[in-house]
Amino acid sequence: MKSFLSLLLFSLFFLLRNSSAQNFYPSYDSLVIDYSRPAEYAIGGITISGTQYLDKDILIAISGIKTGDRIDIPGQELTKAIQNLWKQGLFANVRIYVDSVKGDKIFLAYVLDERPRLSGFTFKGTKKAEEDEIRTRIALNRGKVLTDNIKINTVNTIQGYYTEKGYLNTKVSVSEVKDTTQQNSMLYYIYVDRGNRIKIDEITFTGNNTVSDAKLHRLLKKTKENTWYPWSIFTLSRYKKKEYEGDKSNIITYYASKGYRDARILSDSIYKNEEGNLNIAINLTEGNKYYFRDINWTGNTKYSDAKLDSALRIKKGDVYNEVYLQQRLNGDQKGDDVGSLYMNDGYLFFQVTPVEINVENDSIDLEIRLHEGAQAIINRVNIVGNSKTHEHVVRRVIRTLPGSKFSRADVIRSQREIATLGFFDPEKLDIRTDPHPESGSVDLTYVVEEKPSDQVELSAGWGGKGTGVIGSLGVKFNNFSAKGILDRSSWTPLPSGDGQTLSLRFQSTGRRYQSFNVSFTEPWLGGHKPNSLSVGVFASKFTNNLEKADPNFGKLNTTGGSIGIGKQLKWPDDYFTLISSVNVTNYSLHNYTTNFFITEGNALSISLKETFGRNSEGPDYIFPKWGSNFYFSIALTPPYSLFSDKNYDSLPAAEKYKLVEFHKERFLAEWYANTFGKFVLRLAAKGGYLGYYNALIGLPPFERFQLGGDGLSQSFSLYGIDFIAQRGYDVYTDPPASIFNKYTIELRYPFSTNPSAFVYGTIWGEAGNAWYSIKEYDPFNLKRAAGVGLRVFLPIFGTVGFDYGWGFDNPNVSTFNDFIKQGKFNIVLGFEPE
């Protein structure tokens, strides 16, 4: 319309050239307009006025007319030039005038009204946290050309933001104010009145005869009523159309899983009630319940009907469940479905199509049509996204090798192995397949995203009476590179990328206690097989806090080291490992009084430890959702006393324990399952036993078990004691015991899976106890406790969190009020207690 008006003004200029307009644009008697016979002119020149920020040469080029062109006047060239400039969205008005005519040359003047630009914007009525999110959504920036569409989009975007949060009555207005400090610029004042959050007061169902209202409410996972129940604080009552549509699909899917394949939502209405909140009414029809009848296979040559029936796990008479049918054909997480049967044997191009060939009364006959295709060979395996970790570290854990037969099980296992490295964000891990049916091959691409893996440990623990708080400072480099020490380009800030682990740790209470240890682990010794090498050294000093010159000064020095070789086993399966290690510890005492008889002398402990275990946890080590972890270990010292003729019954303690001897067994069993929604159930059991060879020597004062407390004291061990945390209780084994059992049940829920701050909560129950001899051992005499906890995994600091628990078998508890008051608050800093 504006283009038409501009052309009309152009024509009127010539008709009225002898009028008052002649004072601004002079008339030219030689220019005669004959609309029936357009005249051709050459463009002698073009001038532009009314612009400030735009390049004039570029604008002339955009118009499509340049000096030297020959155009008809009147003609379409000028109309098109106006349209070309108008389409840029930079102008409020576009006009073209004749500036002068000389012979057959015509000189044009472009008069442009440039739109104002944004010099800044301010929010009114919003919170700071909301503003930060809104700014990223509206994408306003200084210098942006302002149009009516910009203003409308700004209003709509802000309203949409608050609608997502349940503020359905949000009012947004944008006021433009001229910026007097800049030419042709405007300031935006954005006024927001979000009003009250609109909640859903009531959701009603009709037509549901076989499924209860309560079950249907649970299926509406993101569309919830505003209830008064205590747990309602974990859900937000709001209406969001997209989420509501998804929840309605959940209802139909559930009915289909129960055999009601004809179930439909006949109607649903959403209306405001008297309080201004929403009510939702859903009207259902369930239809009949159906059952599987005859199931026949066609196109199968690789496997027999009986083999496929066994993998399908659906029998005649089972309730018709299309969701389960598709799961057993193509996508069961356990990897034992029909599709996995084929794809684990290379049949990447396998296809399966179930067809309902007969529906009679309440029964359905199926024909399952298979296209097996050819077996696929892996052509290329690519890795992208590893900016810090060297490619060979990722490639060595991948089970899919070029030239090998494709296997979906190997792809899934490779995904798990990459995730458990701990160097990449498991939520961003992706596997792309690029099949080539014409050549019977496939290219695989593993897409990873690096995450911080090094840790700084800052923790504190109570060392007991007379010791006080023990501070710990440590650094752990989980992606270290020893060979990169000489390569400055790999220092970030230390050499990294080879998947090795270097840990340094210092602990102290001041003059009374200091400890330092260093450890290094190479997970792939030699680089060809997953055989690990671990070495470590440590030293600690504990005094009675007196000056060295004091005749009563006493000290205990502990020094030692260990070396271990780990091997991944192939039997019973390749989740099993066997770790062999040698541990040497020397205890040197001088005038030091302990609970274990020795005050002067040395005690040397040399033990061989074998650990046999299996770990199939997934998808990552921070928050396992499925799988299990167990190990059994046995540590043995040489039985020195059995080859000695010394009379150990009369030997002094310092001589008796000069060469420490013992055998020590420990076990752990953990099991994880994604029970429902995001909730994960963890069950765990652990135990230990410390034994001796010679009854005349008995148990050594080393390697015992201490139960109770938060487990943070495990950072402070003078005698190689294993500190076993038991929430809800103080430490109750003093001196430490020789036998223990502990059982745990936890229900975990992830609040945030962001790798920069992984947060989950837990409800837990524990039971455990410790005994001093096998005669006292009673596996049913356990101290029970329950409570809640929160964990935050920070890539730099490790695990941070707390537990609050109540012990049911605390001897100081006799009434319910005593029970409530005896709650224990435990802090987790730097590591997860054992």
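Described below are features of the structure shown in this document. Remember, it's a predicted structure, so these values are computed and weren't measured experimentally. (Residues numbered from 1 in each chain as written. Predicted model: local features only at pLDDT ≥ 70, side-chain atom pairs only at ≥ 80, totals over all residues. Heavy atoms only, no water.)

Attention now moves to the sheet that holds strand β5 (residues 117-124). Strand order in the open sheet formed by three strands is β5-β7-β6, with mixed pairing between adjacent strands. Of all the strands in the sheet, just β5 and β6 (171-178) have a single pairing partner and so form its edges. In this sheet, neighbouring strand axes are inclined to one another by 20° on average, regardless of whether the strands run parallel or antiparallel. In terms of strand pairing, β5 meets strand β7 (residues 185-193) through seven bridges, oriented parallel. Bridging across to β7, Thr 122 finds its partner in Tyr 189. On the sheet, helix α4 (residues 128-138) packs against β5 and β7 and is oriented at approximately 150° with respect to β5. Across the face of the sheet, helix α5 (residues 148-164) comes into contact with β5, β6 and β7 while running at roughly 145° to β6. (Pairing = 2+ DSSP bridges. Helix = DSSP H or I, 4+ residues; strand = E, 2+ residues; numbered from the N terminus. Axes fitted to C-alpha atoms, helices over the stretch in contact; angles between N-to-C directions. Contact = heavy atoms within 4.5 Å.)

This part is about the packing of α4 against α5. One can describe the packing of α4 onto α5 by two numbers: an axis separation of 10 Å at closest approach and a directional angle of 135°. Classified by the angle between their axes, α4 and α5 sit oblique to one another. The element α4 and its partner α5 pack so that their crossing is right-handed. Where α4 approaches α5, its residues Glu 130, Glu 133, Ile 134, Arg 137 and Ile 138 are matched on the opposing element by Thr 154, Thr 157, Ile 158, Tyr 161, Tyr 162 and Glu 164. Of the residues contributing to the contact of α4 with α5, the split by class is five nonpolar, two polar and four charged. (Parallel < 35°, antiparallel > 145°, perpendicular 65-115°, else oblique. Left-handed = near helix turned anticlockwise from the far one by under 90°. Nonpolar A, V, L, I, M, F, W, Y, C, P; charged D, E, K, R; others polar.)

The sheet built from three strands is open, its strands ordered β11-β13-β12 with mixed pairing. Only two strands of the sheet have a single partner each, and these edge strands are β11 (291-298) and β12 (351-360). When the angles between neighbouring strand axes are averaged without regard to direction, this sheet yields 25°. Across six bridges, the pairing between β11 and strand β13 (residues 363-371) is parallel. From the neighbouring strand, Trp 297 faces β13, where its bridge partner is Ile 368.

Helix-helix packing is characterised by the crossing angle of the two axes and by the distance between the axes. At a minimum axis distance of 8 Å, the contact between helix α2 (residues 56-63) and helix α3 (residues 76-86) shows a crossing angle of 125°. One finds that α2 runs oblique with respect to α3. Residues Leu 59, Ile 62 and Ser 63 of α2 pack against Lys 80, Ala 81, Asn 84 and Leu 85 of α3. Class assignment of the residues belonging to the contact of α2 with α3 gives a composition of four nonpolar, two polar and one charged.

What follows covers unusual backbone geometry. In the segment running from Trp 571 into Pro 572, the intervening peptide bond is cis, with an omega of 0°. Note on placement: Pro 572 falls in the loop between β22 (555-568) and β23 (576-590). With a phi angle near 70°, Asn 545 is a residue other than glycine that sits in the positive phi range. Counting through the fold element by element, Asn 545 comes out in the loop between β21 (532-543) and β22. With relative accessibility at 35%, the residue Asn 545 sits in the partly exposed group. (Buried < 20%, exposed > 50% of the residue type's maximum accessible area, 1.4 Å probe, protein only.)

One pass over the full model with this rule turns up 27 aromatic pairs. Each ring, one from Phe 676 and one from Phe 679, has its centre 4.8 Å from the other, and the planes form 35°; the classification is tilted. A residue is classified by how much of its surface remains accessible, and Phe 679, at 27% relative accessible area, is partly exposed. Members of the aromatic cluster, joined through ring pairs, are Tyr 303, Tyr 342, Tyr 347 and Phe 350. Of note, Arg 413 hangs over the ring of Tyr 575, and the distance from its end group to the ring centre comes to 3.7 Å. Sitting over the face of the ring of Trp 764, Arg 727 holds its NZ or CZ atom 4.2 Å from the ring centroid. (Phe/Tyr/Trp six-rings, centres within 6.5 Å; stacked < 30°, edge-to-face > 60°. Lys NZ or Arg CZ within 6 Å of the ring centre and 35° of its normal.)

All right, on to empty space enclosed by the protein then. On inspection of all chains with the given rule, the structure shows two cavities of 30 Å³ or more. The calculated volume of the largest cavity comes to roughly 50 Å³. Every residue lining the largest cavity is listed: Asp 425, Pro 426, Glu 427, Lys 451, Asp 620, Ile 622, Thr 753, Pro 755 and Phe 758. Of the residues belonging to the lining of the largest cavity, the class tally is four nonpolar, one polar and four charged. (1 Å grid on protein atoms, 1.4 Å probe; cavity = no way out; pocket = protein on both sides within 12 Å on 5 of 7 lines; lining within 4 Å. Points joined across faces, edges and corners; volume = space filled by probe spheres on them.)

Further remarks concern the side chain of Ser 340. Its location among the elements puts Ser 340 in helix α10 (residues 338-343). Here Ser 340 falls in the buried class, since its relative accessible area comes to 3%. A distance of 2.4 Å separates a polar atom in the side chain of Ser 340 from a polar atom in the side chain of Arg 408. If near-sequence neighbours (up to four positions away) are discounted, Ser 340 is found in contact with Gly 335 and Arg 408. (Polar contact = N/O pair within 3.5 Å; in protein donor to acceptor, adjacent residues only side chain to side chain.)

Since its relative accessible area comes to 42%, Pro 572 is described here as partly exposed. A C-alpha to C-alpha distance of 9.8 Å links Pro 572 and Arg 614, two positions 42 residues apart in sequence.

As a further point, take the nonpolar core. Membership of the largest hydrophobic core comes to 24 residues, with the highest contact counts inside it found for Ile 398, Phe 406, Ile 418, Leu 444 and Tyr 446. Elements with a contribution of two residues or more to this core: β14 (377-384), α11 (391-395), α12 (408-420) and β16 (441-447). Each residue touching Ile 418, except ones within four places of it in the same chain, is listed here: Val 394, Val 397, Ile 398, Phe 424, Leu 429, Tyr 446 and Val 448. (Core = buried A, V, L, I, M, F, W, Y, C linked by side-chain atoms within 4.5 Å.)

Right, let's get into the side chain of Asp 803. Turning to its location among the elements, Asp 803 is positioned in strand β33 (residues 798-807). Ignoring anything within four residues of it in the chain, the contact list for Asp 803 reads Arg 727, Thr 762, Trp 764, Val 788, Gly 789, Arg 791, Lys 824, Phe 825, Asn 826 and Val 828.

Here we come to the pairing of β23. When β22 meets β23, the two strands line up antiparallel, connected through 14 bridges. Residue pairing for β23: Gly 564 is matched across the bridge by Ser 581. Relative to strand β24 (residues 601-615), β23 is paired through 14 bridges, and the arrangement is antiparallel. Its bridge partner lying in β24, Tyr 587 is registered against Ala 603.

Further remarks concern the pattern of salt bridges. Overall, the coordinates contain 46 salt bridges when judged by the stated rule. Asp 132 is the partner of Lys 128 in a salt bridge, and the nearest nitrogen-oxygen pair spans 3.1 Å. Highlighted residues: Lys 128 and Asp 132, both in helix α4, separated by four residues, approximately one helical turn. Since its relative accessible area comes to 56%, Lys 128 is described here as exposed. Exposure remark for Asp 132: the relative accessible area of 38% places this residue in the partly exposed category. Note that Glu 670 is salt-bridged to Arg 682, the shortest N-O span being 2.7 Å. (Salt bridge = Lys/Arg side-chain N within 4 Å of Asp/Glu carboxyl O.)

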